[in-house]
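So you can see what is in the structure, the chains are spelled out below.
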Amino acid sequence: MSTGISLPKPEEVGAFYDAANGLIAQFQGGSMHYGYWNGPEDNSTFEEASDRLSDIMIDKLGPGPDDRVLDVGCGVGTPGVRLATRTGAELVGISISARDVELANARAEREGCADRARFQHANALEMPFDDNSFDHVLALESIVHMPDRVQALQQIARVLRPGGSLALTDFVERQPVSANLPKPSLLKRIQGSMVEKVQQAALAKVMESWHTAPLVRAADYTSFASAAGLEVVEVTDISQHTKYTAQRFYGAVYEYAKHNEVPPEVKRILQAGPGEKRLHWLIEDDPAVGVIIAVLRRPSRG
C-alpha cells in the first residue's frame, strides 16, 4: 500500500517512546501493544486483553526453562517479564528507547525475575548479539516501527539458532482503505479516487504520529520470510479480536487530556486520531486495516 509517509528513523522512534511510553502503557493495560478480545460482549479490561495477546504469542513460541528468548522491541517489559515468569526461560529484551529499557528492568526487579529477564538498549536492525544466540524471538508490535522489515527479519534469522522460531505481530492492509471506512457527510459527495486519497492521507497522518512504516499485506510474509532465510509456519489474521483496541485507547486518552497535560508526542497522536465523535468507526465489522500474527522458523541444519 502506498500512503506517502516517510520511513521511520530508529532515533526518532526511540525519542518518541522515551517521551510517550508512560502514558501509552498507562492506557494499554500496562503493556504497549494491542489487546485481544473475544468479541463485542467481552468485557475484559485492557490489561486482561493485553495479557491475553501476550500469552497467545508466548504459546506460539512454546519456550521452556532451558531456552533463551530475545524480545525485539520490548516496550516497558511487560510481555517479556510475563514470558520469563510463565516459562522459566531466559529473556533478553531490546528497545531503541532508553526509557523503555529503564522501565523494563525496573519491572523485572519488582516482579522478582531480574535473574532471568534483562533488557538493554539496542537497534533491532544492527543487533549486538552473536550468530545463533537465541532459541526463540518475540517481536510483539515492533516490526511496524522498522523502516525495512526484511532487514529486521534477516537480523533475527542471524541470531536465531537453527530450528528456532519467531512470533511477531504486524499491522496490515486487509482491503483498500476506501472500501468500507465510514465517511463524513461532506465526503459522501466526493467520488472515486478523491475519497480514497482523502482517507489514505488521514491514515498516513495517524501512522506518522506513531512513527510506523507503510502497511504491508499478510501475503507479503511469504516473500519477507524467504528473503530472510526463514520458513512460514503460520500467518493468522486476528483483526476481529484486536479491533477494539484503538477505540478504548483513544477514548481514554482523549478524556485524560481534557484535564491533564500530555507530552507533545501524545498531542500529535490525538490530533491525528479519529476524534471523540468518531470512535465508533474504529470497531467496524470488517476493518480495512488490521493485525496479523506471523510465526516463522529458521530451518534446521540438514
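Residues numbered from 1 in each chain as written. Predicted model: local features only at pLDDT ≥ 70, side-chain atom pairs only at ≥ 80, totals over all residues. Heavy atoms only, no water.

### Describing the overall build of the chain
Rule in force here: Numbered from the N terminus, helices here are DSSP runs of H or I no shorter than four residues, and strands are runs of E no shorter than two. Each radius of gyration reported is based on C-alpha atoms, and the globular scaling rule is 2.2 Å times the count of residues to the power 0.38. Only protein chains enter the calculation, and the probe is 1.4 Å; a residue is then buried if its accessible area is under 20% of its type maximum, exposed if over 50%, and partly exposed in between. The criterion used for residue contact is that any of the two residues' heavy atoms lie within 4.5 Å. A positive count includes Lys and Arg, and a negative count includes Asp and Glu. His and the chain ends are not counted in either. Every charge is mapped onto a representative atom, which is NZ of Lys, CZ of Arg, CG of Asp or CD of Glu.
Regarding its fold elements, the chain presents 10 helices and seven strands. For the chain, the C-alpha radius of gyration of 19 Å lies close to 19 Å, the compact-globule estimate for 302 residues. For the chain, the C-alpha atoms occupy an extent of roughly 60 × 45 × 40 Å along the three principal directions. In the chain, which comprises 302 residues, the share counted as buried stands at 51%. If you take every contact in the chain between residues at least 6 apart in sequence, the share linking residues at least 24 apart comes to 77%. Placing the 31 positive and 40 negative side-chain charges of the chain at their respective mean positions leaves the two points 5 Å apart.

### Re the nonpolar core
One recurring pattern in soluble globular proteins is that nonpolar side chains are buried together. The line we're drawing: Each nonpolar core is a collection of buried residues, namely Ala, Val, Leu, Ile, Met, Phe, Trp, Tyr and Cys, held together in the definition by side-chain atoms within 4.5 Å.
Ranked by size, the top nonpolar core spans 32 residues in total, and within it Leu-70, Val-72, Leu-153, Leu-166, Tyr-221 and Leu-230 carry the most contacts. Elements with a contribution of two residues or more to this core: strand 1 (68–72), strand 2 (90–95), strand 4 (134–139), helix 5 (149–159), strand 5 (160–173), helix 7 (220–228) and strand 7 (289–297). If one sorts the elements of this core by residue count, helix 5 sits on top with five residues. With sequence-adjacent residues up to four places away left out, Tyr-221 is seen in contact with Ile-143, Arg-149, Leu-153, Leu-168, Asp-170, Val-216, Val-232, Val-235, Ile-292, Ala-294 and Leu-296. In terms of nonpolar packing, the next biggest core, distinct from the first, is built from 25 residues, Tyr-17, Trp-37, Ala-49 and Val-262 among them.

### Focus on the side chain of Asp-170
Using the following cut-off: Under the rule applied, a polar contact is a pair of N or O atoms within 3.5 Å (in protein, one hydrogen donor and one hydrogen acceptor; residues adjacent in sequence only if both atoms are side-chain atoms).
Position of Asp-170 among the secondary structure elements: in strand 5. Engagement of the side chain of Asp-170 in a polar contact is seen with the side chain of Arg-149, the distance being 2.7 Å. Looking at Asp-170, its side chain comes within polar contact range of the side chain of Tyr-221, at 2.7 Å.

### Thoughts on the environment of Arg-174
Here Arg-174 is to be found in the loop between strand 5 and helix 6 (192–209). Take Arg-174: its relative accessible area is 25%, and that puts it in the partly exposed class. If sequence neighbours within four positions are ignored, Arg-174 has contacts with Arg-217, Asp-237, Ser-239, Asp-286, Pro-287, Ala-288, Val-289 and Gly-290. Within the structure, the side chain of Arg-174 is placed 3.3 Å from the side chain of Ser-239, a separation counted as a polar contact.

### Comments concerning unusual backbone geometry
Phi is positive for Asn-132, close to 60°, though the residue is something other than glycine. Within the fold, Asn-132 resides in the loop between strand 3 (117–121) and strand 4. On the basis of relative accessible area, Asn-132 is assigned to the partly exposed category, the value being 28%. Phi is positive for Glu-141, which is not a glycine, with a value near 60°. On the accessibility criterion, Glu-141 (14% relative accessible area) is buried.

### Quick look at the pattern of salt bridges
This is how the line gets drawn: By definition, a salt bridge exists where a carboxyl oxygen of Asp or Glu is found within 4 Å of a side-chain nitrogen of Lys or Arg.
Tallying each qualifying case throughout the model produces 20 salt bridges. The partner of Arg-217 in a salt bridge is Glu-173, with the nearest N and O atoms 3.6 Å apart. Of this pair, Arg-217 sits in the loop between helix 6 and helix 7 while Glu-173 sits in strand 5, and the two are 44 residues apart along the sequence. Residue classification places Arg-217 among the partly exposed positions, given a relative accessible area of 36%.

### Topic: the sheet that holds strand 5
Filter applied, for reference: Pairing between two strands requires that DSSP report at least two bridges joining them. Angles shown run from 0 to 180 degrees and are taken between the N-to-C directions of axes, each axis being a line fitted to C-alpha atoms and, for helices, limited to the stretch in contact.
Spatially, seven strands are ordered 3-2-1-4-5-7-6 in an open sheet, and the strand pairing comes out mixed. Each end of this open sheet is capped by a strand with a single partner; those strands are strand 3 and strand 6 (231–237). Across the sheet, the mean angle separating the axes of adjacent strands is 15° when strand polarity is ignored. As judged from the nine bridges shared by strand 5 and strand 7, these two strands associate in the antiparallel manner. When the sheet's bridge partners are listed, Glu-173 is paired in strand 7 with Val-289.

### Thoughts on the packing of aromatic side chains
Here is the rule we go by: Each pair of aromatic rings taken from Phe, Tyr and Trp, with Trp reduced to its six-membered ring, is defined by centres within 6.5 Å and is described as stacked if the planes are under 30 degrees apart, edge-to-face if over 60, and tilted in the remaining cases.
For the coordinates displayed, the defined rule picks out 11 aromatic pairs. Aromatic side chains Phe-129 and Phe-134 sit 5.2 Å apart centroid to centroid with 85° between the ring planes, which places their arrangement in the edge-to-face category. Both residues of the pair, Phe-129 and Phe-134, belong to the buried class. Chaining the aromatic ring pairs together yields one cluster made of Phe-16, Tyr-17, Trp-210, Phe-249, Tyr-250 and Tyr-254.

### Examining the confidence of the model for the chain
This is how it is decided: Confidence of the prediction at every residue is given by pLDDT, a number between 0 and 100.
Residues at a pLDDT of 70 or more form 90% of the chain, whose mean pLDDT is 90. Counting interchain partners and residues more than four positions distant, the pLDDT-below-50 stretch residues 185–195 has five contacts.

### Quick notes on helix 9 (residues 244–257)
Short version of the rule: In this scheme, a helix's expected span is set at 1.5 Å multiplied by one less than its residue total.
Its 14 residues place the ends of helix 9 20 Å apart at the C-alpha level, agreeing with the 20 Å of an ideal helix rising 1.5 Å per residue. Listed as buried for helix 9 are Tyr-244, Thr-245, Ala-246, Phe-249, Tyr-250, Val-253 and Tyr-254.

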